[in-house]
Amino acid sequence: MKILILNGVNLNLTGLRETSVYGAQTLEEINTNIKAYCEKDGIETEFYQSNIEGELVNKLHEAFLKKTCDGIVFNPGAYTHYSYALRDAIASIDIPVVETHMSNVHAREEFRGKSVLSEVCVGVVCGFGAGSYIAAIEGLKVKLQS
């Protein structure tokens, strides 16, 4: 099994920006922990982050066209709330995607409670800090094994 961990806008600054919301671990540290966690179960991981919406769309298309993964854990950042391009890209592929957020988006600013992506994802995990990625991976494992 191979899982793509896809991170969107501003997540490259994780550990440096708004640490009270996102924590002090850098994205690189989070990715290292995810990789170690997955290796215990024999799961391969690929990591990709971009601040550019079109590059994220391209990565989703690549995963589908080249069959590079079995599932995707996707933290789109602020694109969650308005990117119909990402929504359509997810809807266009036959790979299960779990929308993932470190913060509880429903307990924050009102605009963050609306996701245009949720309805085309197999699940949503939020509010567990870096642990949201692990919870999303566990959900994907169940989905992929059913």
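Summarised in this report is the structure supplied together with it. (Residues numbered from 1 in each chain as written. Predicted model: local features only at pLDDT ≥ 70, side-chain atom pairs only at ≥ 80, totals over all residues. Heavy atoms only, no water.)

### What about the nonpolar core?
Right, so step 1: Core analysis: the biggest nonpolar cluster contains 20 residues, and Leu6, Leu60, Ile72, Phe74, Leu86, Ile90 and Val97 have the highest contact counts within it.
Right, so step 2: Those elements that place two or more of their residues in this core are strand E1 (2–7), helix H3 (53–65), strand E3 (71–75) and helix H4 (84–92).
Right, so step 3: Counting residues per element, this core draws most heavily on H3, at 4 residues.
Right, so step 4: Leucine 6 has contacts with Tyr48, Leu56, Lys59, Leu60, Ile72, Val73, Phe74 and Asn75, leaving out every residue within four places of it along the chain. (Core = buried A, V, L, I, M, F, W, Y, C linked by side-chain atoms within 4.5 Å. Buried < 20%, exposed > 50% of the residue type's maximum accessible area, 1.4 Å probe, protein only. Helix = DSSP H or I, 4+ residues; strand = E, 2+ residues; numbered from the N terminus. Contact = heavy atoms within 4.5 Å.)

### Regarding the side chain of asparagine 31
Right, so step 1: Along the chain, asparagine 31 falls in helix H2 (residues 27–39).
Right, so step 2: If near-sequence neighbours (up to four positions away) are discounted, asparagine 31 is found in contact with Asn7 and Phe47.

### A closer look at the side chain of asparagine 7
Right, so step 1: Looking at where asparagine 7 falls in the secondary structure, it is placed in strand E1.
Right, so step 2: The class for asparagine 7 is buried, based on a relative accessible area of 1%.
Right, so step 3: Only 2.5 Å separates the side chain of asparagine 7 from the side chain of tyrosine 133, close enough to count as a polar contact.
Right, so step 4: What asparagine 7 contacts, discounting residues up to four positions off in sequence, is Leu27, Asn31, Tyr48, Gln49, Ser50, Leu56, Asn75 and Tyr133. (Polar contact = N/O pair within 3.5 Å; in protein donor to acceptor, adjacent residues only side chain to side chain.)

### Section: the sheet that holds E3
Right, so step 1: Taken in spatial order, the 5 strands line up as E2-E1-E3-E4-E5 in an open sheet, and their pairing is parallel. Each edge of the open sheet is held by one strand with a lone partner, namely strand E2 (44–49) and strand E5 (123–126). The sheet shows a mean angle of 20° between the axes of neighbouring strands, taken without regard to direction.
Right, so step 2: As defined by bridge partners, E1 adjoins E3 across 5 bridges and the pair is classed as parallel. (Pairing = 2+ DSSP bridges. Axes fitted to C-alpha atoms, helices over the stretch in contact; angles between N-to-C directions.)

### Side note on H4
Right, so step 1: All of the buried residues in H4 are Leu86, Arg87, Ala89 and Ile90. One side of H4 carries all its buried residues, which in axial view fall inside an arc of 165°.
Right, so step 2: Buried residues along H4 sit in contact with H3, E3 and strand E4 (97–101). (Arc of directions from axis to C-beta.)

### A closer look at the pattern of salt bridges
Right, so step 1: All chains considered together, the criterion is met by 9 salt bridges.
Right, so step 2: Between glutamate 119 and arginine 87 there is a salt bridge, with the nearest N and O atoms lying 2.9 Å from each other. With glutamate 119 in the loop between E4 and E5 and arginine 87 in helix H4, this residue pair connects regions lying 32 residues apart in the sequence.
Right, so step 3: Members of the salt-bridge network, linked through shared partners, are Lys2, Glu46, Lys59 and Glu62. (Salt bridge = Lys/Arg side-chain N within 4 Å of Asp/Glu carboxyl O.)

### A short note on the environment of threonine 26
Right, so step 1: Following the sequence through the fold, threonine 26 ends up in the loop between helix H1 (19–22) and H2.
Right, so step 2: For threonine 26, a relative accessible area of 28% gives the class partly exposed.
Right, so step 3: Sequence separation between threonine 26 and alanine 130 is 104 residues, and the spatial gap between their C-alpha atoms is 9.8 Å.
Right, so step 4: Non-local contacts of threonine 26, meaning those with residues more than four positions away in its chain, are made with Thr14 and Gly15.

### A short note on the pairing of E3
Right, so step 1: When you tally the buried positions in E3, you get 5 out of 5 residues, the bulk of the element.
Right, so step 2: Burial along E3 is two-sided: the residues Gly71, Val73 and Asn75 and Ile72 and Phe74 are all buried.
Right, so step 3: Two strands pair when backbone bridges link them, and E3 and E4 are joined in this way by 3 bridges, in the parallel orientation. The partner of phenylalanine 74 across the bridge, within E4, is glutamate 99.
Right, so step 4: Where the polypeptide runs from E3 across H4 and back to E4, its parallel neighbour, the crossover connection is right-handed. (Right-handed = clockwise from strand over helix to strand, strands pointing away.)

These figures capture arrangement, not role.
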